[in-house]
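Listed below are the residues making up each chain.
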Amino acid sequence: MKYFSTRDKNNITDFRTAVMSGLAKDGGLFMPLSIPLLPSSVISGTEKYSLQDIGFEVAKNFIGKEIPEQEIHSIIESAINFDAPLVQLSEQLSVLELFHGPTLAFKDFGARFMAKIMGYFVKGAGKKLNILVATSGDTGSAVAYGFYGIEGIDVYILYPKGKVSLIQEKQLTTLDKNITALEIDGTFDDCQRLVKNAFVDEELNSILNLSSANSINIARLIPQSFYYINAWRQIKDKSIPTIISVPSGNLGNLTAGLFAKKMGIPIDKFIGATNKNDVFTEYLNTSKFNPRKSVLTLSNAMDVGNPSNLERIIELYEGDIEKIRADVVSESYTDDSTIEGIKEVYEKYNYVIDPHGAVGYQALKHFVESNNLKDINAVMVETAHPAKFKDVVEEAIKNEVEIPERLAACINKEKKSVRLNSDYNSLKDFLMSV
Ligand SMILES: *Cc1c(COP(=O)(O)O)cnc(C)c1O
């Protein structure tokens with residue numbers, strides 16, 4: 001498959017280059033030249049396909065002949081070795097649970113798939129690859145675990161000091177081997193800016209073989225479309241409209257859902273639910289894109305002031321905001337509504353959600369109620385396990401949240417990080433010295 005840059009349609013490259021460079025040289029994001037429809041046997045749910053089978057069907061379209069099918073098979077088998085079940089809460093409402101991976105958030109899908117793809121391409125290349133990734137919490141741990149121990153690749157994770165939860169920080173800073181955590185005195189946007197600066201720094205790139213692992217990397221998005229297709233297959237009554245609410249920050253997960261729609265799942269509406277960082281909501285409502293500094297919220301993995309993947313969404317809809325509006329709505333919710341949402345879902349359905357899922361729940365509920373929708377399938381995407389945000393959730397439900405063993409394991413380990421300020425030169429100096 002060939003890929004082009006969102007900033008220049010004539011800037012065309014292959015899958016390998018798109019994955020290994022992350023961002024196009026002109027600063028744009030890579031998009032596939034086409035998004036092929038899947039065979040109806042894969043979509044309809046009448047024949048048996050596992051999540052991995054679906055993954056294989058999707059991935060081979062996005063990769064093409066650059067990786068042999070046998071290899072694509074084993075990449076999927078080892079990367080997507082956990083499930084994404086659709087859990088029914090009521091007649092109308094279900095939850096797409098995306099937290100069954102090793103770091104308990106949906107980013108495991110993208111990070112693990114990307115790590116295996118890069119591991120495949122780097123084999124035999126003879127030159128070490130350095131991955132830089134900015135994280136507002138969950139990306140970093142997913143990437144760290146995804147790449148952990150992969151030969152020929154070193155990973156540097158930039159996270160904003162004091163702005164991720166204790167558990168998130170432990171996940172980021174307790175791996176060794178090829179993983180280094182960089183603790184930046186600044187915000188997530190600073191981290192993202194530092195990474196972007198590094199990629200356009202010719203001097204640095206002439207010395208180091210750099211790549212990114214943020215949701216700007218196309219290899220992160222591809223596996224995130226698998227679970228939307230899998231979810232659609234599990235919808236029982238396909239004759240009524242299906243609405244999916246996606247808790248959104250950098251808009252990678254939403255973009256992957258829109259990819260899945262292009263591949264053939266007839267979702268009526270996607271809701272891009274935001275917290276107080278509502279640049280996307282404002283864009284859809286006013287047609288104005290006004291990126292700004294992010295503010296801190298309880299759903300901190302969505303604290304993004306300049307959502308990168310908007311460029312992809314705009315490209316997907318040929319720059320026509322009316323076309324985007326036909327498929328996507330967006331609403332923004334406060335921390336108070338977030339807590340309210342956790343509480344309400346617990347009381348109504350005896351089900352515990354995390355703060356990100358709660359933002360999605362509120363937007364979904366409001367959309368259903370304000371449009372007076374009755375016969376629909378309402379799907380809320382639960383992007384993280386509630387135990388990752390234990391304090392907030394326990395406060396809301398007045399009950400304890402059990403910590404899964406894979407999370408408990410890292411909490412007692414010792415934190416190791418390198419502290420840097422948010423000035424680009426400190427990052428550069430550090431990278432030049434390793
Ligand atoms: C990253 C993340 C989000 C936001 O996803 P985007 O793809 O950046 O929009 C939502 N919830 C959780 C738990 C996350 O980790």
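Higher on the page you've got the structure.
Remember, predicted model here, so these are calculated numbers, not experimental data. (Residues numbered from 1 in each chain as written. Predicted model: local features only at pLDDT ≥ 70, side-chain atom pairs only at ≥ 80, totals over all residues. Heavy atoms only, no water.)

1. Digging into the sheet that holds strand 14 (residues 418–421)
Strand pairing in a sheet is mediated by backbone hydrogen bonds. Such pairs are either parallel or antiparallel. Put simply, the rule is: In this analysis, strands are considered paired if DSSP registers two or more bridges between them. Secondary structure elements follow DSSP: runs of H or I of four or more residues count as helices, runs of E of two or more count as strands, with numbering from the N terminus. Between the N-to-C directions of two axes lies an angle of 0 to 180 degrees, each axis being a line fitted to C-alpha atoms and, for a helix, fitted only over the stretch in contact. By the convention used here, residues are in contact when the closest approach between their heavy atoms is within 4.5 Å.
Spatial ordering of the open sheet is given by 9-6-7-8-14, a layout of five strands whose pairing is parallel. Each edge of the sheet is formed by a strand with only one pairing partner; in this case those strands are strand 9 (210–212) and strand 14. Strand-to-strand twist across the sheet, computed as the mean angle between neighbouring axes with direction ignored, equals 30 degrees. Bridge analysis of strand 8 (residues 179–185) against strand 14 gives four bridges, and the strand direction is parallel. Residue pairing for strand 14: aspartate 185 is matched across the bridge by asparagine 421. Against the sheet, helix 6 (residues 138–147) contacts strand 6 (129–134), strand 7 (153–160) and strand 8, and its axis sits at roughly 165 degrees relative to strand 7. Contacts from helix 20 (residues 424–433) reach strand 6, strand 7, strand 8 and strand 14, with the element oriented near 140 degrees to strand 14.

2. Overview of the nonpolar core
This is how it is decided: Here, the term nonpolar core denotes a set of buried Ala, Val, Leu, Ile, Met, Phe, Trp, Tyr and Cys residues that are joined through side-chain atoms within 4.5 Å. Only protein chains enter the area calculation, which uses a 1.4 Å probe; residues under 20% of their type maximum are buried, those over 50% are exposed, and those in between are partly exposed.
If you look at the biggest cluster of nonpolar residues, it comprises 96 residues, and the most contacted ones within it are Phe113, Phe147 and Tyr228. Ranked by residues supplied to this core, first place goes to helix 5 (residues 107–122) with nine residues. When residues no more than four places from it in sequence are discounted, the contact partners of phenylalanine 147 are Met114, Ala115, Met118, Ile131, Ile153, Val155, Asn178, Ile179 and Ala213. Counting residues in each nonpolar core, the second largest holds 35 residues, with Leu93, Met302, Tyr351 and Val368 among its members.

3. Points about the sheet that holds strand 12 (residues 328–332)
Here we have six strands laid out as an open sheet, ordered 4-5-13-10-11-12, and mixed in their pairing. Strand pairing shows two members of the sheet lacking a second neighbour, strand 4 (86–88) and strand 12, which therefore form its edges. Going across the sheet, the axis of each strand differs from the next one's by a mean of 25 degrees, ignoring polarity. In the sheet, strand 4 pairs with strand 5 (residues 93–97) via three bridges, with the strands oriented antiparallel. When the sheet's bridge partners are listed, glutamine 88 is paired in strand 5 with serine 94. Relative to the sheet, helix 13 (residues 279–286) contacts strand 11 (269–274) and strand 12, its axis offset from that of strand 12 by approximately 125 degrees.

4. Let's talk about the site of the ligand
Rules: Consider each residue's heavy atoms; a residue with any of them within 4 Å of a molecule or strand counts as near. What qualifies as a polar contact is a pair of N or O atoms within 3.5 Å, subject to a donor-acceptor requirement within protein and to the restriction that residues adjacent in sequence count only when both atoms come from side chains. In these tables, accessible area is a Shrake-Rupley quantity obtained with a 1.4 Å probe, and a residue counts as shielded only by the protein chains included in the view.
Close to the ligand lie 15 residues, the nearest being Lys107, Asp138, Gly249, Leu251 and Thr383. One nitrogen or oxygen atom from the main chain of glycine 249 is found 2.7 Å from an oxygen atom belonging to the ligand. Between the ligand and leucine 251, the relevant distance is 2.8 Å, taken from an oxygen atom to a main-chain nitrogen or oxygen of the residue. Bound to the protein, the ligand loses 98% of the 380 Å² it would expose on its own.

5. As for helix 16 (residues 335–349)
Applied cut-off: Any helix carries an expected span of 1.5 Å times its number of residues minus one.
Taking 1.5 Å of rise per residue, the 15 residues of helix 16 would be expected to cover 21 Å, and the 21 Å separating its terminal C-alpha atoms lies within 8% of that figure. Along helix 16, the residues classified as buried are Ser337, Thr338, Gly341, Ile342, Glu344, Val345 and Tyr346. Among the structural elements, helix 17 (355–370) and helix 18 (390–397) are those in contact with the buried residues of helix 16. Asparagine 350 occupies a position one or two residues after helix 16 and carries a positive phi of about 55 degrees.

6. Description of the packing of aromatic side chains
For any two aromatic rings, the description comes down to two numbers: the centre-to-centre distance and the angle of the planes. Inclusion rule: Only Phe, Tyr and Trp rings take part, Trp by its six-membered ring, and two of them pair if their centres are within 6.5 Å. Stacked means planes under 30 degrees apart, edge-to-face means over 60, and tilted covers everything else. Placement of a positive charge over a ring is assigned whenever Lys NZ or Arg CZ falls within 6 Å of the ring centre and within 35 degrees of the normal to the ring plane.
Within the structure shown, the criterion is met by 11 aromatic pairs. When the ring of phenylalanine 82 is compared with that of phenylalanine 109, the centres are 4.8 Å apart and the planes differ by 65 degrees; the resulting orientation is edge-to-face. Of the two residues, phenylalanine 82 is situated in the loop between helix 4 (69–79) and strand 4 and phenylalanine 109 in helix 5; the sequence distance between them amounts to 27 residues. Each member of the pair, phenylalanine 82 as well as phenylalanine 109, carries the same accessibility label: buried. Taken together, Phe82, Phe109, Tyr227, Tyr228 and Phe270 form an aromatic cluster joined through their ring pairs. Lying over the aromatic face of tryptophan 232, lysine 238 brings its terminal NZ or CZ to 5.4 Å of the ring centre. A cation over an aromatic ring shows up here: lysine 262 above the ring of tyrosine 317, its NZ or CZ 5.9 Å from the ring centre.

7. Quick word on the side chain of threonine 103
For threonine 103, the location among the structural elements is in the loop between strand 5 and helix 5. The buried category is assigned to threonine 103, whose relative accessible area is 0%. A distance of 2.7 Å separates a polar atom in the side chain of threonine 103 from a polar atom in the side chain of aspartate 108. Setting aside residues no more than four positions away along its own chain, threonine 103 makes contact with Asp108, Ser141, Ala142, Tyr145, Gln171 and Lys388.

8. A few points about the pattern of salt bridges
To keep it simple, the criterion reads: Take a side-chain nitrogen of Lys or Arg and a carboxyl oxygen of Asp or Glu: if they are within 4 Å of each other, that pair is a salt bridge.
Scanning the entire structure with this criterion turns up 19 salt bridges. Between aspartate 201 and lysine 428 there is a salt bridge whose closest N-O contact spans 2.9 Å. Placement of aspartate 201 in the loop between helix 8 (188–200) and helix 9 (202–207) and of lysine 428 in helix 20 is noted, with a sequence separation of 227 residues between them. Pair check on accessibility: aspartate 201 and lysine 428 agree, each one buried. A salt bridge links arginine 325 to glutamate 322, with the shortest nitrogen-to-oxygen separation between them at 2.7 Å.

9. Brief notes about the packing of helix 11 (residues 226–234) against helix 12 (residues 252–263)
Note the following rule: Angular relationships are summarised with four words: roughly parallel below 35 degrees, roughly antiparallel beyond 145, roughly perpendicular across 65 to 115, and oblique for the angles in between. In this scheme, a crossing is called left-handed if the near helix is turned counterclockwise away from the far one by less than a right angle; it is called right-handed if the turn is clockwise. When residues are grouped by polarity, Ala, Val, Leu, Ile, Met, Phe, Trp, Tyr, Cys and Pro land in nonpolar, Asp, Glu, Lys and Arg in charged, and all others, Gly among them, in polar.
Remark: helix 11 packs on helix 12, axes separated minimally by 8 Å, with the N-to-C direction vectors making an angle of 55 degrees. Relative to helix 12, the element helix 11 is oriented oblique. Both helix 11 and helix 12 take part in a crossing whose hand is right-handed. Facing helix 11, whose interface residues are Tyr227, Tyr228 and Ile229, helix 12 presents Asn253, Leu254, Ala256, Gly257, Ala260 and Met263. Per-class residue counts for the contact of helix 11 with helix 12 are seven nonpolar, two polar and no charged.

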